[in-house]
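In case you want the letters, here they are:
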Amino acid sequence: MSLFSELRRRNVFKVALLYAVASWLLVWIVSHLVDGVGLSPWIADYVLLLLAIGFPVALIFAWTYEITPAGLQKAVDVDQTQSIVYKTGQKLNAAVAVLAVLGVAAVIGEQLLPEFTPPPPLVLEEIPLRPVFDFSAKAEVPREITSFNLPNGLEIIVWPDHDIPNVALYIFVRAGGRNEYPGITGLAHFFEHMMFNGTDSRDVGEFDQEMEAAGGANNAYTSNDVTVYTDWFPRSALETIFDLESDRLMNLAIDPDVVETERGAVKSERRNGVDDNNTGRLYEQMMAMAYVAHPYQNPVIGWPSDIENWTQEDLESFFKTYYAPNNLTMVFAGDVTPEEIYLLADQYFSPIPRQYPPPEITTVEPEQQGERRFVIETDAQTPLLHLAFHGGATGDPQTLHMDLLLAVLAEGDSSRLHRALVEDEQLALSVGGFQTDGFDPGLVYFYLTLPPGGDLAATEARLLGELQRVADEGVTAAELEKARNLRLASFWRGLQTISGKASALGNFEVFTGDYENLFAVPEELAETDAAALQAVAKQVFDRRNMTLGILRSPETDQ
């Protein structure tokens, strides 16, 4: 007889089917009792456990006593009027009944017992890990100054100063005229405008409105090397400033209509500052002639044809490349702590994605082979005379020496050039000098305004004579001491305010590679001697290294 026939003859299938149907019905009833009457949820689990154990045990008994040879032999020895499965089922039913009674007793007992409310789970307050800050090991650097970098490359420097409840923020973007080329000149300066003209969530003008409502103020400027955004605000507006700055860095709207409006504003700015301004016009031509290869030759505001033809693609590409967090340095000075700046920066600035680094500027201006001259003839009541010599980059040691030398030559009424050209011989109405800051070698620049009908040739000769004299003879001890005192006074005066602190830290970090170099200035000034000033004068004030520009009226007989 086949196994199937034997199982059917002994009612195994009927018992299994009956057990399955009864089990399903029991589970359905219990689940409704749990949901409707409010019985404890463990009762449903208890019933399922009984059924899960009972059914396979019954099948095991059926196989053992009905199918196996040992079971068949036992069937011969016992009364065959009842199936072994049936008898076994009776025993299992008794066991299940006992367990069911125990379950009912447990349910009744649970209802009689007082209700126990478990205590609420203990909520552990999340303690953020203290960020790791960089402190200077140098004794001259104030210990409270710290710095850190976010994972996206954003560099942040913090100088706490709790004298007043105000904060200064300087944001240095490493983007200026140096990062442009013919066709897109002026873009860095253009974004100085666009950054105040709305985002995806703020309309034009809302940035200023929200900052002013919080008690803050702002400004910005663009140079050959950087664009710098400045915010001054009460401590209470700290998170508002983070929200505003992160929004325009992440979601700046480069709307075509706004672009055209600002394009017109830049054209007007150029007309006022360059085209219709004799000093600006001459300076632009001086830079264009002094540099033949390096992008410092291009005006920061841009050439007129480039301003006219920037494309939407030019704008979007420039912003994505240069306004990336890994191309920025932020400096906070004032009533803040490094910890709170870190937490806010992580919240607001970390989501801004890092970008590929901007392309390196590899062009090096070749050594000038001889003096260069040009004359601009235009309507001018007073002639202008400008001279420029190639000097060093901001981070070069000779730059400090030249800075002291310029204090001797052109700073104040007691300077050599003022006394010689303005007071003694009255060849010029005014004279001044400066050196341009930059990542790459800049210019040592002198500018003079002559009286109407002034003698340009005599003024040039007298100026060059004074420069040659300082190269040949150097400076006196008194002049050097005066120059040191001027620079030290300016240094400490700048660090009296939180704005001055933020500006100085940022400039030294960006241009020299380390803000700690700022605090080495007093010692470097003290160690600089007269020989260093004479050496830099000999190196720079070479007529083969000179560019000279004149702006005068066409009718002037020179």
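Structure: see above.
Residues numbered from 1 in each chain as written. Predicted model: local features only at pLDDT ≥ 70, side-chain atom pairs only at ≥ 80, totals over all residues. Heavy atoms only, no water.

Draft legend 1. Spatial organisation of the side chain of Arg552. Among the secondary structure elements, Arg552 is positioned in strand β12 (residues 546–552). A distance of 3.3 Å separates the side chain of Arg552 from the side chain of Glu377, its partner in a polar contact. (Helix = DSSP H or I, 4+ residues; strand = E, 2+ residues; numbered from the N terminus. Polar contact = N/O pair within 3.5 Å; in protein donor to acceptor, adjacent residues only side chain to side chain.)

Draft legend 2. Up close: the nonpolar core. Formed by 63 residues in total, the largest nonpolar core has its most connected members in Leu405 and Phe541. Setting aside its immediate chain neighbours within four residues, Leu405 contacts Val470, Val475, Leu533, Val536, Ala537 and Phe541. (Core = buried A, V, L, I, M, F, W, Y, C linked by side-chain atoms within 4.5 Å. Buried < 20%, exposed > 50% of the residue type's maximum accessible area, 1.4 Å probe, protein only. Contact = heavy atoms within 4.5 Å.)

Draft legend 3. View of the pattern of salt bridges. Enumeration over the complete set of coordinates arrives at 27 salt bridges. Of the charged contacts, one joins Glu308 and Lys267 as a salt bridge, the two residues approaching to 2.6 Å between their closest N and O atoms. Taken together, the positions of Glu308 in helix α11 (residues 304–309) and Lys267 in helix α9 (residues 256–275) put the pair 41 residues apart, joining distant regions of the chain. Look at Glu308 and you get partly exposed, because its relative accessible area is 43%. For Lys267, a relative accessible area of 27% corresponds to the partly exposed category. In this structure, the salt-bridge partner of Arg373 is Glu371, at a minimum N-O distance of 2.6 Å. A single network of salt bridges, built from pairs that share partners, joins Glu425, Arg462, Glu466, Arg469 and Glu473. (Salt bridge = Lys/Arg side-chain N within 4 Å of Asp/Glu carboxyl O.)

Draft legend 4. Quick look at the environment of Pro522. Relative to the helices and strands, Pro522 resides in helix α19 (residues 521–527). In sequence terms Pro522 and Trp492 are 30 residues apart; their C-alpha atoms lie 9.4 Å from each other. Beyond its immediate sequence surroundings of up to four residues, Pro522 is in contact with Leu488, Phe491 and Trp492.

Draft legend 5. Representation of helix α17 (residues 477–494) in the model. Under the 1.5 Å per step criterion, the end-to-end length of α17 is 26 Å for 18 residues, consistent within 8% with the ideal 26 Å. Every buried residue belonging to α17 is among Glu479, Leu480, Ala483, Arg484, Arg487 and Phe491, and all of these are buried. All buried residues of α17 lie within an arc of 135° about the axis, which places them on one face of the element. Exposed and facing more than 90 degrees away from the buried side of α17 are Ala478 and Arg493. (Expected span 1.5 Å × (residues − 1). Arc of directions from axis to C-beta.)

Draft legend 6. The arrangement of helix α10 (residues 278–290) in detail. Between its first and last C-alpha atoms α10 spans 18 Å; for 13 residues at 1.5 Å apiece the expected length is 18 Å, and the two agree. Those residues of α10 that sit buried are Gly280, Leu282, Glu284, Met286, Met287 and Ala290. Capping the start of α10, Asn277 holds a side-chain oxygen 3.0 Å from the backbone nitrogen of Thr279, two or three residues further along.

Draft legend 7. Seen up close, the packing of aromatic side chains. Enumeration according to the criterion identifies 24 aromatic pairs in this entry. When the ring of Tyr170 is compared with that of Phe172, the centres are 6.3 Å apart and the planes differ by 25°; the resulting orientation is stacked. You can call Tyr170 buried: its relative accessible area is 7%. Arranged with centres 5.2 Å apart and planes meeting at 20°, the rings of Phe434 and Tyr445 form a pair that is stacked. Taken together, the positions of Phe434 in strand β10 (residues 430–435) and Tyr445 in strand β11 (residues 443–449) put the pair 11 residues apart, joining distant regions of the chain. An aromatic cluster is built from Phe190, Phe191, Phe196, Phe207, Tyr229, Trp310, Phe318, Phe319, Tyr322 and Tyr323, whose rings are joined through pairwise contacts. Arg248 extends its terminal NZ or CZ atom over the ring of Phe196, reaching a point 4.8 Å from the ring centre. The ring centre of Trp159 lies 4.9 Å from the NZ or CZ of Lys501, which sits over that ring. (Phe/Tyr/Trp six-rings, centres within 6.5 Å; stacked < 30°, edge-to-face > 60°. Lys NZ or Arg CZ within 6 Å of the ring centre and 35° of its normal.)

Draft legend 8. A look at the sheet that holds β11. Reading across from one edge, β8-β12-β9-β11-β10 is the order of the 5 strands in this open sheet, with mixed pairing throughout. Each having just a single partner strand, β8 (372–377) and β10 make up the two edges of the open sheet. Neighbour-to-neighbour, the strand axes of this sheet turn through a mean angle of 10°, independent of strand direction. Where strand β9 (residues 384–390) meets β11, 7 bridges bridge the pair, whose relative direction is antiparallel. Within β11, the position partnered with Ala388 by the bridge is Tyr445. (Pairing = 2+ DSSP bridges. Axes fitted to C-alpha atoms, helices over the stretch in contact; angles between N-to-C directions.)

Draft legend 9. Here's a closer look at unusual backbone geometry. Non-glycine residue Gln426 carries a positive phi angle of around 55°. Checked against the element boundaries, Gln426 lands in the loop between α15 (416–424) and β10. Overall, Gln426 belongs to the exposed group, its relative accessible area being 59%.

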